[in-house]
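Chain by chain, the residues run as shown.
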Amino acid sequence: MFADLFLAVVHHLLAFSILGLLAAEVALLRPGISGERLSLLARLDGLYGMAAMALVAVGIGRLLWGLKGWEYYLASGSFWAKMTFFAAVGIVSIQPTRKIVGWRRSARTAPDLAPSDSEIAGIRRLVVAELALFAFIPFFAAMMARGIDL
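Residues numbered from 1 in each chain as written. Predicted model: local features only at pLDDT ≥ 70, side-chain atom pairs only at ≥ 80, totals over all residues. Heavy atoms only, no water.

(A) Structural view of the layout of surface pockets. Approximately 670 Å³ is the volume found for the largest pocket. Lining the largest pocket are 27 residues, and of these His11, Arg62, Lys82, Ala141 and Met144 sit closest to its centre. Residue assignment for the lining of the largest pocket shows that the elements contributing at least two residues are α1 (2–28), α2 (35–65), α4 (77–109) and α6 (136–145). For the lining of the largest pocket, a count of residues per class yields 20 nonpolar, three polar and four charged. (1 Å grid on protein atoms, 1.4 Å probe; cavity = no way out; pocket = protein on both sides within 12 Å on 5 of 7 lines; lining within 4 Å. Points joined across faces, edges and corners; volume = space filled by probe spheres on them. Helix = DSSP H or I, 4+ residues; strand = E, 2+ residues; numbered from the N terminus. Nonpolar A, V, L, I, M, F, W, Y, C, P; charged D, E, K, R; others polar.)

(B) Examining the nonpolar core more closely. By size, the foremost hydrophobic cluster in this structure holds 26 residues, and its most contacted members are Ile18, Leu29, Leu41 and Trp103. No other element matches α2, which puts eight residues into this core. In this structure Ile18 touches Tyr48, Ala51, Ala52, Leu55 and Phe134, once residues within four positions along its chain are discounted. (Core = buried A, V, L, I, M, F, W, Y, C linked by side-chain atoms within 4.5 Å. Buried < 20%, exposed > 50% of the residue type's maximum accessible area, 1.4 Å probe, protein only. Contact = heavy atoms within 4.5 Å.)

(C) The arrangement of α4 in detail. With 33 residues, α4 should cover 48 Å at 1.5 Å per step; its first-to-last C-alpha distance of 49 Å lies within 8% of that length. For α4, the principal kink sits at Ser93 and spans about 30 degrees; a proline, Pro96, occurs within the next four residues. The backbone nitrogen of Ser78 lies 3.3 Å from a side-chain oxygen of the residue at the head of α4, namely Ser76. (Expected span 1.5 Å × (residues − 1). Bend = angle between axes of the 7 residues up to and from the residue. Polar contact = N/O pair within 3.5 Å; in protein donor to acceptor, adjacent residues only side chain to side chain.)

(D) Region of interest: a nonpolar patch on the surface. A surface patch of nonpolar side chains, about 550 Å² in accessible area, is lined by Phe2, Leu5, Phe6, Val9 and Leu13. Summarising the element assignment, Leu5 is placed in helix α1. (Patch = residues over 30% accessible without salt bridge, like charges linked within 9 Å, V, L, I, M, F, W, Y side chains within 5 Å. Areas by Shrake-Rupley, 256 points an atom, 1.4 Å probe, with all protein chains shown as cover. Salt bridge = Lys/Arg side-chain N within 4 Å of Asp/Glu carboxyl O.)

(E) Quick look at the packing of α1 against helix α5 (residues 117–134). In the contact formed by α1 and α5, the axes pass within 9 Å of each other and the chain directions differ by 155 degrees. With respect to each other, α1 and α5 are oriented roughly antiparallel. Crossing angle aside, the handedness with which α1 passes α5 is left-handed. Each of Ala15, Ile18, Leu19, Leu22, Ala23, Glu25 and Val26 in α1 lies in contact with α5, whose residues at this interface are Arg124, Val127, Val128, Glu130, Leu131 and Phe134. Counted by class, the contact of α1 with α5 contains ten nonpolar, no polar and three charged residues. (Axes fitted to C-alpha atoms, helices over the stretch in contact; angles between N-to-C directions. Parallel < 35°, antiparallel > 145°, perpendicular 65-115°, else oblique. Left-handed = near helix turned anticlockwise from the far one by under 90°.)

Here you go:
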């Protein structure tokens, strides 16, 4: 029982961390980003990726060692909807992460070179889309916890 509680708490803390990291990225993705702010953005994006991987690992732990058992989750349409939205967030996050890594790499070799405002706006829109998709995940999680199936 304690393992289930521990995994649930860590799972929720990681989900809230991901939400906060995405919100911070949106706040930083403004025209003229460069220097320390660009470095901070890259670090936050790295933390976001690590938190997402940790969330998956803890989620697998919940499947294997949670009180409901893996059969409950795999038979739940709400679980699969939640996984679909999580995967969609991950897929949408690929382009912003690649772009942020590229900007950071370019800034190391040419510190005065900043991303264009249109590039920043496009990546910001994608991170906002990640947030919008992420907002559906707690909805399906609550359905799943209550045994509501799709």
